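# Summary of structural features
What follows is each chain in one-letter form.
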Amino acid sequence: MAVQPQHTQDGIVERRLRPIYDWLDNGNNKKALQEAEKVLKKSPTLQAARALKALALFRLGKASEAHTVLDALAEEKPSDDTTLQAMTITYRESQQFHKVCEIYEAAVKVEPLSEELHSHLFMSYVRVGEPRAQQRAAMALYKFAPKNPYYFWAVMSIVLQAKATDDETKKNILLSLAQRMVDMFITENKMEAEQEARLYIMILELQEKWEDILKFIEGPLYSQLVPGSTAQACIPYLKKLGYWRRLNLICKELLWDNQDRWDYYLPYFDSVFELMNGNDNSANDTDNTADDTAEKCHEFICQLVESMSSGRTLRGPYLARLELWRRLSKDGDPTALLGSGVALCVQYLRVFAHKPCAVPDLRPYLAMIPQKEREEHSRDFLTCLGFDENSEPRTPDDIQRHVSCFGAWRLTAEPATPEYSLELATVLREQYLRCLRDRLLTSSLTEFCAVDGYATLGAHLYCHAALQQETTAPLVEAASLLELVLHHSPANFHAKLLLVSVYHLLGNAWAASTAYARLEAKHVQLVSLGWLHAYRLPGALAPAKALRLLADTRAFHHHHTKDSIEQVTYAYKYGTFEKLVELVAWGARLDACAWSALAARERAALALLAGPPAPLHAPPPPPAQPRDNRDLNAIVNWEPPQLEDPNVKARTFEKDVAYLRLKDGIVSAVALCVECAEGAGRGACGEARAAELRAGVAALGEALAAARARHGGRERRTVAGPGPSRIVAFVNSPIPYRELYTVTLSAVCSLCAADAAGARAHAARAERTLRDCSAALTAAGRPTAAGLRDALQLYSHFVEFIGIITFLLGVCNELMAPANAKKSKKKANQSPDQIKTLETLSSLNDTVQDTIALLEDIFEKWPTYDYKSTLQDELAKLNIDNKYTCPVEQKLCSGLQDMLADVKNILKKKSKYLKSLQ
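It should be emphasised that the depicted structure is a prediction, and the values quoted were computed from it without experimental measurement.

## With respect to the nonpolar core
In terms of nonpolar packing, the biggest core is built from 313 residues, with Tyr503, Tyr572, Tyr795, Phe798 and Trp862 touching the most fellow members. Considering each element in turn, this core owes the most residues, 16 residues, to helix H40 (residues 788-816).

## Quick word on the packing of helix H4 (residues 63-75) against helix H5 (residues 81-93)
Their axes nearest at 11 Å, the elements H4 and H5 cross at an angle of 140°. Here H4 lies oblique to H5, going by the angle between them. Between H4 and H5 lies a crossing whose hand is left-handed. Contacts between H4 and H5 involve His67, Leu70, Asp71, Leu73 and Ala74 from the former and Thr83, Met87, Thr90 and Tyr91 from the latter. Split into classes, the residues belonging to the contact of H4 with H5 amount to 5 nonpolar, 3 polar and 1 charged.

## Some words on the pattern of salt bridges
For the structure shown, the criterion picks out 51 salt bridges. Across the pair Glu76 and Arg50 runs a salt bridge whose closest N-O atoms are separated by 2.6 Å. Of the two residues, Glu76 is situated in the loop between H4 and H5 and Arg50 in helix H3 (residues 47-59); the sequence distance between them amounts to 26 residues. Owing to a relative accessible area of 38%, Glu76 belongs among the partly exposed residues under this scheme. With a closest N to O distance of 3.8 Å, Asp71 and Lys99 form a salt bridge. Of the two residues, Asp71 sits in helix H4 while Lys99 sits in helix H6 (residues 97-110), which places them 28 residues apart along the sequence. By relative accessible area, which is 25% here, Lys99 ends up partly exposed.

## Some points on the side chain of Gln400
Position of Gln400 relative to the elements: it lies in helix H24 (residues 396-412). Accessibility expressed as a relative area gives 11% for Gln400, which makes it buried. Residues contacting Gln400, with those up to four places away along its chain left out, are Ala353, His354, Lys355, Pro356 and Ala450.

## Let's talk about H3
Given a rise of 1.5 Å per residue, 13 residues ought to cover 18 Å, and the 19 Å separating the end C-alpha atoms of H3 matches this to within 8%. Here H3 lies mainly inside the structure; 12 of its 13 residues are buried. Buried residues of H3: Gln47, Ala48, Ala49, Arg50, Ala51, Leu52, Lys53, Ala54, Leu55, Ala56, Leu57 and Phe58, and no others. Within two residues after H3, Gly61 carries a phi angle of roughly 90°, on the positive side.

## Details of the packing of helix H9 (residues 148-164) against helix H32 (residues 577-591)
At a minimum axis separation of 12 Å, H9 and H32 run at an interaxial angle of 35°. For the pair H9 and H32, the sense of crossing is right-handed. Along the contact surface, H9 presents Phe152, Trp153, Met156, Leu160 and Lys163, while H32 presents Phe577, Leu580 and Val581. Classifying every residue of the contact of H9 with H32 gives 7 nonpolar, no polar and 1 charged.

## Details of the environment of Val359
The topology assignment puts Val359 in helix H21 (residues 358-366). Val359 gets classed as buried once you look at its relative accessible area, which sits at 6%. Considered as a pair, Val359 and Cys405 are 46 residues apart in the sequence and their alpha carbons are 8.2 Å apart. What Val359 contacts, discounting residues up to four positions off in sequence, is Ser404, Ala408, Leu411 and Trp638.

## With respect to the confidence of the model for the chain
Overall, the predicted model of the chain reaches an average pLDDT of 90, with 95% of residues at or above 70. Every residue in residues 1-9 is under pLDDT 50, and counting partners more than four places away or in other chains gives 26 contacts. In the predicted structure, residues 819-826 sits below a pLDDT of 50 and forms 3 contacts with residues beyond four places in sequence or in another chain.

## Notes on the packing of aromatic side chains
Summed over all chains, the structure comprises 31 aromatic pairs. Ring geometry for Phe730 versus Tyr737: centroids 4.9 Å apart, planes at 20°, classification stacked. A single burial state applies to Phe730 and to Tyr737, both of which are buried. Aromatic rings pair up to connect Tyr659, Phe730, Tyr737, Tyr741, Phe798 and Phe801 into one cluster. One Lys or Arg, Lys545, reaches over the ring of Trp510 and ends 4.5 Å from the middle of that ring.

Criteria and thresholds
- Residues numbered from 1 in each chain as written.
- Predicted model: local features only at pLDDT ≥ 70, side-chain atom pairs only at ≥ 80, totals over all residues.
- Heavy atoms only, no water.
- Core = buried A, V, L, I, M, F, W, Y, C linked by side-chain atoms within 4.5 Å.
- Buried < 20%, exposed > 50% of the residue type's maximum accessible area, 1.4 Å probe, protein only.
- Helix = DSSP H or I, 4+ residues; strand = E, 2+ residues; numbered from the N terminus.
- Axes fitted to C-alpha atoms, helices over the stretch in contact; angles between N-to-C directions.
- Parallel < 35°, antiparallel > 145°, perpendicular 65-115°, else oblique.
- Left-handed = near helix turned anticlockwise from the far one by under 90°.
- Contact = heavy atoms within 4.5 Å.
- Nonpolar A, V, L, I, M, F, W, Y, C, P; charged D, E, K, R; others polar.
- Salt bridge = Lys/Arg side-chain N within 4 Å of Asp/Glu carboxyl O.
- Expected span 1.5 Å × (residues − 1).
- pLDDT = per-residue confidence, 0-100.
- Phe/Tyr/Trp six-rings, centres within 6.5 Å; stacked < 30°, edge-to-face > 60°.
- Lys NZ or Arg CZ within 6 Å of the ring centre and 35° of its normal.

As structure tokens, this is what we get:
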């Protein structure tokens, strides 16, 4: 939105500017420019019209003209808000935030007592991240407009300076200054808002002055500013000081009034166990009512359970008994006090099985029960409410109870054999079909129902059997069942997430894309769920689809900085200083995101294969310490605790980071080839680039060798966990990628350095290596349905290499064709050395074309697979009005054909381009 005029002295001018604003707001920048020109013909010196003209020009892609207008305006030092805000919008859209600071610095000199201009100057410093300048601007504003928010803007700016410095002395001085500034306000009784009190606590926390924080919270000022929250505010600082007895008494008092607040139970248990160990720093407190034994703790929890009114059963006290059992079991035997852990879990299930959260609540405690005891009594979870596998509940609550009992049983039973998993999956599918037949589904467009639990658990069991047997038929059954669920419960995100994973296990990225589209993943989900779909697309031989999704990821990552800056300014405006710190930390976490860095490099490499022609530039360096922002708990996992691997996230992330480094090395080397080709023959600059490229190629070769030894191990595949890292297929491939990449890049490097003999040697070596790959490519060309995913992984890496070597041959062609030869129709005179080099490159070109022809033949003769499901026959037996046709077979078959057609089309274009180089 364009800024609207606010303080225009002449009403006629405001009416003239109004059409410009309207056209800008409607996105018709051409009309806005025309209207601005009309106004400027009558009033050529009108600053607001010129600023709006610059904005229209910039949005029309005429950035140089727009900045010429803005530079001229800046020289005049405008001070009216309309002009300044229009200029600000243009500078912000062009990412020139420092120029916003400059125009407001000039404006406040013209009108030094303008509160509005000073506040805009402060916000401009916020956008460029200069807390020292923010402090000066805020104090200058406070001098002539003494309002609390401005004063605390300055205090917060000092805190940010302290958090940003590594010098402990400087940090302590800054924090002491901030504390003194707030102390002065407290002494003068000027504190007005809750957030001011919270900022003071933040300052004391950074100095670790826990006693001072406690005194402040327990004082009259805090209760005045933040009424009713004194007790809970003390909890973290009582823990820091080790005042366990006081903490225990406060938590007990809070729990009597808030029996379901889990955030009160955890510090309560901490205090109980610390008191049991004899730890307590509150020496003057001799109150004997604190719970300092496990017996007293258990008695207190039982009192909470008994105090609940009839008809209002809360989960907190029941979970508290399980938590007490878990903590006691770490160092001893809790059965004497609480009984067996199985009995407690079964009791909890009896009371809360009608809630979908019952099994997720129990899961961490089930893992604490000894495996033998858990497996021996696993059947109790299924039968505790009178159900078994073949029970037929009719009401929604009873169906949810049955689903919960089924889920708890599977989590506690010993791992099922593939045959038993298929048997149970069939039983669960029949349960879902029974409910469908009897019209027991209560789902809507925005909610899903308990019946869906039968299908999702059954789909998990189908997948478990398929991965054990290494067959695809159970996966097809799982996909068919999940598609049926989504037909009746389109809002069921559990089914959507699982369906995406199932289609990828089948090696069909196109079918997975249809399921992923239903998730409507946006914003940060592109990062947290990138592992689920976008990461797998390049390895599933779907470069075109991958490019589109990676572009969305890059756009989010590119724009989040600008968006977060505006959120920081709002945090200042509304005085939410705690959120301000969170926003800064959030921005830093996204900047260090490993997936976003890898997505940028995948996109750069895939663009050379399937994207529109575009100049390749070296990507910005990857984060020094990449962050793992994957949400691996998105898909509900029904595997028993003994099959869970607590280190799988760290291990797979290590492999992903290694792959990021390799991909960065490849993309950076290709980009350096372009830069070297552009700087060839330019003296020292070109030689420096060539030396950098040689070093990069050598480092890449060493990294590829090291990665094969370190990251070649395969992970156990699960439907709910992350797929195998792409580095595994890359380093274990029969294709010698280390040789292919290093010799190809070295050939370009030698050519840039005018080393024709070296270029020929490297090109000939690349040709021989490429011809040697034919046998491995042909052998992988007839995969079974179960081996489809692995075969596509192999071909995806090789097809990416074809895109890169084709691009590099184009670079070589540019180097070997002199500029004057391109303009002249006559053939340029060439030395014998040049002729030999051209012949070698032409021979390499022919070999690449032959390899592409081989790939086209392999994909042309790709086998077809049987994807029939038994679900359709089962549906035909049901007496239901809504006839449904299972789409899985059609999606898988058409997805495979579309994938092959897309790859063959890409290869044809590469072959055509290579022929044009000869």
